[in-house]
Structure formats: C-alpha cells, structure tokens
Amino acid sequence: MSTYLLVHGAWHTGECWERVVPLLATAGHRVIAPTLTGYGDTAHLLGPEVGLDTHVDDIVGLITEEDLTDVVLVGHSYAGLVISSTANQLPDRIAQLVYLDAMVPEDGETAADVMPFTQAMIDQALASESGWRNPPLVGMDPSWGLFGVTDPADVAWLRSMMSDQSVRCLQQPVRLDNPAVNAIPRTHIHCVANVPPGMTRRPVPAIQPNGSPAQVWELETGHDCMITMPGELAELLLKLG
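Where an unreviewed UniProt entry is consulted, the chain appears under the name Alpha/beta hydrolase fold containing protein, with the organism given as Streptomyces violaceusniger.

Ranked by internal contacts, the top residues of the largest apolar core, which has 78 residues, are Leu5, Val7, Leu73, Ile189, Leu233 and Leu237. With six residues, helix α2 (residues 52-65) is the largest single contributor of residues to this core.

Before going further, it helps to examine helix α3 (residues 79-89). In terms of burial, α3 is largely enclosed, as 10 of its 11 residues are buried. The inward-facing, buried residues of α3 contact β1 (3-7), α2, β3 (71-76), β4 (94-100), α4 (111-114) and α7 (168-171).

In this section: the pattern of salt bridges. One pass over the full model with this rule turns up six salt bridges. Among the salt bridges present, the one from Asp101 reaches Arg201, with a minimum N-O distance of 2.3 Å. Taken together, the positions of Asp101 in the loop between β4 and α4 and Arg201 in the loop between β7 (186-191) and β8 (216-219) put the pair 100 residues apart, joining distant regions of the chain. Its salt-bridge partner being Glu109, residue Arg202 comes within 2.7 Å of it at the nearest N-O pair. Note that Arg202 is positioned in the loop between β7 and β8 and Glu109 in the loop between β4 and α4, a separation of 93 residues in sequence. When its relative accessible area of 34% is taken as the criterion, Arg202 is described as partly exposed.

Rules and cut-offs
Residues numbered from 1 in each chain as written. Predicted model: local features only at pLDDT ≥ 70, side-chain atom pairs only at ≥ 80, totals over all residues. Heavy atoms only, no water. Core = buried A, V, L, I, M, F, W, Y, C linked by side-chain atoms within 4.5 Å. Buried < 20%, exposed > 50% of the residue type's maximum accessible area, 1.4 Å probe, protein only. Helix = DSSP H or I, 4+ residues; strand = E, 2+ residues; numbered from the N terminus. Contact = heavy atoms within 4.5 Å. Salt bridge = Lys/Arg side-chain N within 4 Å of Asp/Glu carboxyl O.

Written as structure tokens, this is what we have:
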C-alpha cells in the first residue's frame, strides 16, 4: 500500500480531489488531500506573511506528524513548487514526485522564474489596494473555461471552493539543494487540451535527475484534470503505487 498525498494548486482547496480520492482508496491505498493554509476553510488565516514556505511547512508537518513513508507526492499547478521543496526536506519519505500540469522548478527559482506570465500577477497584487492579495483567475477566456473546466455545474462547484492567495506564494524561492532529492523518481502529467495562448511549459529533460528516462504522460483535457478526467487521472496515478 502506498500513501498518495495530493496537493492542490493556487486558489483551490483539497476538495478539488474529491472525485479522485475514492478511486485510489478503492485500490487499497491511503489518500490524503489537505487544504493549504489560507485557502477554503483556512481562508481566515490568509495574510501577506503566507507564502510558499508556509505551504511547504504544511506538507512537511503533515508527513512528519502522520509518520508517512513511501509517499506518492502529487503537486498540481503551483503545488509543483510545494512538492519540490517538501521533497528537499524529506527525501527519504518520498517514493515518487508527480508534477501534475505543474510548475517544475530548479533550486532557487520562484513561480515567475518557472512561468514568467506570473510576474504580471505579482505586479497586479503589489499595485492593488491590499498590496499583497492575489484573486483567482476568474475572468479567463470562456473558450478555455475556468482552469479548463467548462461544464456549467463543474464550473459552479469549482468557483465555490476558490479563494485569494498571497503574492508571497509567487515570490518565495524553491529550495532544491539536497543531493538526496535527485534520487526520487519523477513523473510528469500534462493536460494538453484547452491550453490558453501564452501558457507554455518547459520541456521535460529526456533524463531525470536520478538518471532514468523521463516519464511523461498526457491527458486530453484542461488544467483541472482532477475534475474533468478523474478516472483517467487515477488510472495513471495507480501505475505508481
């Protein structure tokens, strides 16, 4: 039995994994889908001091407090930064790193380094009345949907769980300076439908840091594949457990 630790992206909550969790659990695995500090039920804790380091502490604390091992650590979108720094601190507890349509950083990089379009979001937050609050991207081109979600009922559900984030999440750098983290196998899952113009991802190197060939899978759906293709996503994840 593996432990799947599913980490949501910016503006979301752990609720977004609701359709995937039972599919993994039915296969006999332990599944945990926490909500990071400042989102959802913890939105009252959001402030300018909440950042990437806060969310890394959330996941590191969960793994150590629950004494989790053999963890398949899945990070969606922004959470690619979170799982990277988490693995840097606890490499012996992580069996797999899964970057789910996620930011894939190098040591010392911020969100803006990995995806330069986020710099505009940083600038907007800093120039806002609050000076730090970054609202969800709810004004997207309707042809792309809300994070790739187009079904009206699903869009309404997704909107109900969304909340602001602190700009500090996009400003703090990832730490990947522990050589032991390079031994952890990586898997990349890319959502390749309904990709908005200007949204580009870095090519995945042919060889992983551990020397193995890169493992890259694709899903023909939009960014929030845990909502739009939960069965297909779970099928891929179960190959790692």
